[in-house]
Amino acid sequence: MSKTFPAAQLRATVSNIIQAAGSSAQEAQTVADNLVLANLSGHDSHGVGMVPRYIDAVLEGGLKPNTAIEVKLDSGSLLALDGRRGYGQVVGEQAMALGMQRAQDSGSCIVALANAHHLGRIGHFAEMAVERGLVSIHFVNVQSRPVVAPFGGGDGRYGTNPFCVGVPLAGQAPFILDFATSRVAQGKMRVAHNEGRQVEPGYLIDETGHPTTNPGVVVVPQPGGMFGALLAFGEHKGYGMAVACELLGGALTGSGTWHRPADNLRAVINGMFTVLVDPRKLGTQDAFASEALAFVEWLKQSPPAPGTGGVLLAGEPERKARRERETAGIVLDDTTWGEVVAAGAKVGARIA
Ligand code: NAD
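Note on numbering: residues in each chain are counted from 1, in written sequence order. Under the rules for a predicted model, residues below a pLDDT of 70 receive no local features and side-chain atom pairs below 80 are neither given nor counted, while totals for whole chains, interfaces and linings still include all residues. Computation of side-chain values: all heavy atoms of the structure, hydrogens and water removed.

(A) The domain arrangement of the chain, seen in detail. Where each domain begins and ends is defined by an automated method or by a domain database. Assigned domains of the chain: these are domain 1 (1–66 + 328–352), domain 2 (67–182 + 232–301) and domain 3 (197–231). Relative to domain 3, the C-alpha centre of domain 2 lies at a distance of 28 Å. Whether two residues are in contact is decided by their heavy atoms: any pair within 4.5 Å suffices. Between domain 2 and domain 3, the contact holds 12 residues from the first and seven residues from the second. Simply put, the buried area is the total loss of 1.4 Å probe accessible area from both parts when two parts are fitted together. Its largest share of buried area at the contact with domain 3, domain 2 owes to Arg145, Val147 and Gly154, together 56% of the area lost on that side. What counts as a salt bridge is simple: a side-chain nitrogen of Lys or Arg found within 4 Å of a carboxyl oxygen of Asp or Glu. Our enumeration of links across domain 2 and domain 3 arrives at zero salt bridges. Two N or O atoms count as a polar contact when they lie within 3.5 Å, although within protein this holds only if one can serve as hydrogen donor and the other as acceptor, and sequence-adjacent residues are included solely when both atoms are side-chain atoms. At the boundary of domain 2 with domain 3, the tally comes to three residue pairs in polar contact (both at pLDDT 80 or more).

Take a look at the structure:
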């Protein structure tokens, strides 16, 4: 069973809950806007279904409300920032604001953000950058129970380590490529499990390392308290990219890499290594604009392969989902909504 909610109602509910858990009204609104935008964009895995996890993390002390970034190093176009376990939605936007200003001033900026609590949909940060005409590249690692198996391995050793690139296109909606380096996002397995669905073959192995289509293997403990694991996308290539995310987002930022047995802590810590470039300062602006558009046009002229809807550019599915869901509302399964309400009850929030 499921229920459909207008986005505004979900924003108000989430904001109440986050505020009841200790955040300022402004912080609660930023988190609520971010999560509901993920739902609107079609990524329910990173939407309001994250609220129970955030509340548990606050109650455990792993997520710190009302925490701002600390600047650890500032050498102009190199910034090292500590998110100090603040809400990723807040410290992520703060880090981007600093980095974008530097990139606009001097042409480029590298931002190493450590110890952010869950940054949510990484595409949000690329969208901030392309709005200002900037290219942005993000390598992110995830420190929480390791849910992805290395290529050739039989258990989870690292997180769903997302990678994201945003490229502004002159006079057109931007290219926003934003994906988990696992075959699918962990949150999508939670949604499938809550909805009682099996998933496609090739996504998962069970707690003994064998292939399975049961998303529950990465959501609830299996016999012996063990979990299964997600597989990397693109076999050894996706696995290699995930390692790059861990080395850059985790090690190079100083945030930390995962190299210990699984624990049950609820906090999700992201490290994010971001490269920002202002094409206007690179001297290639005209060629960039015309060559990028010519290539996108060329792609779009490819005839639709039989049985497909034709060629899309990354970012289009999210924009289409937003147009649809802003009107039709956001559908939440009863389990997810029940968990959100229960999370609110834990902190004494009023649920509208
Ligand atoms: P996904 O598999 O749905 O892939 C999304 C990307 O593919 C988008 O860029 C989308 O525009 C593009 N895309 C989808 N269909 C397309 C098509 N037909 N043609 C061209 N491009 C297409 O995404 P995912 O891997 O499930 O990740 C979902 C979200 O989870 C992302 O926003 C990611 O940042 C987020 N995430 C966050 C964390 C974290 O710790 N903060 C961890 C993992 C994932």
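(B) Quick peek at the pairing of strand 3 (residues 78–82). Two strands pair when backbone bridges link them, and strand 2 (residues 70–74) and strand 3 are joined in this way by four bridges, in the antiparallel orientation. Bridge pairing in strand 3 links aspartate 74 to leucine 79. Here strand 2 hands over to strand 3 after three residues, with glycine 76 in that stretch at a positive phi of 90 degrees. Two elements, strand 3 and strand 4 (residues 108–117), share five bridges in a ladder whose sense is parallel. Looking at the pairing, aspartate 82 lines up with alanine 114 of strand 4. For the handedness criterion, the strands are oriented away from the viewer, and a crossover whose path from the first strand over the helix to the second runs clockwise is classed as right-handed. To qualify as a helix, a DSSP run of H or I must reach at least 4 residues; to qualify as a strand, a run of E must reach at least 2; elements of each kind are numbered from the N terminus. Considered for its hand, the β-α-β crossover made up of strand 3, helix 4 (residues 88–106) and strand 4 is right-handed. Each pair of strands is called paired provided DSSP finds at least two bridges between the two strands.

(C) Spatial organisation of the site of the ligand. Near the ligand you find 23 residues, and of these Arg121, Asp178, Lys188, Gly315 and Glu318 are the closest. Between an oxygen atom of the ligand and a main-chain N or O atom of isoleucine 176, the distance comes to 2.9 Å. Between the ligand and alanine 180, the relevant distance is 2.8 Å, taken from an oxygen atom to a main-chain nitrogen or oxygen of the residue. No other element matches the five residues that strand 7 (residues 172–180) contributes to the shell around the ligand. Of the residues that constitute the shell around the ligand, the class distribution is 12 nonpolar, seven polar and four charged. Proximity is defined per residue: any heavy atom of the residue falling within 4 Å of a molecule or strand makes that residue near it. Three classes are used, and their members are as follows: Ala, Val, Leu, Ile, Met, Phe, Trp, Tyr, Cys and Pro are nonpolar, Asp, Glu, Lys and Arg are charged, and the others, Gly among them, are polar.

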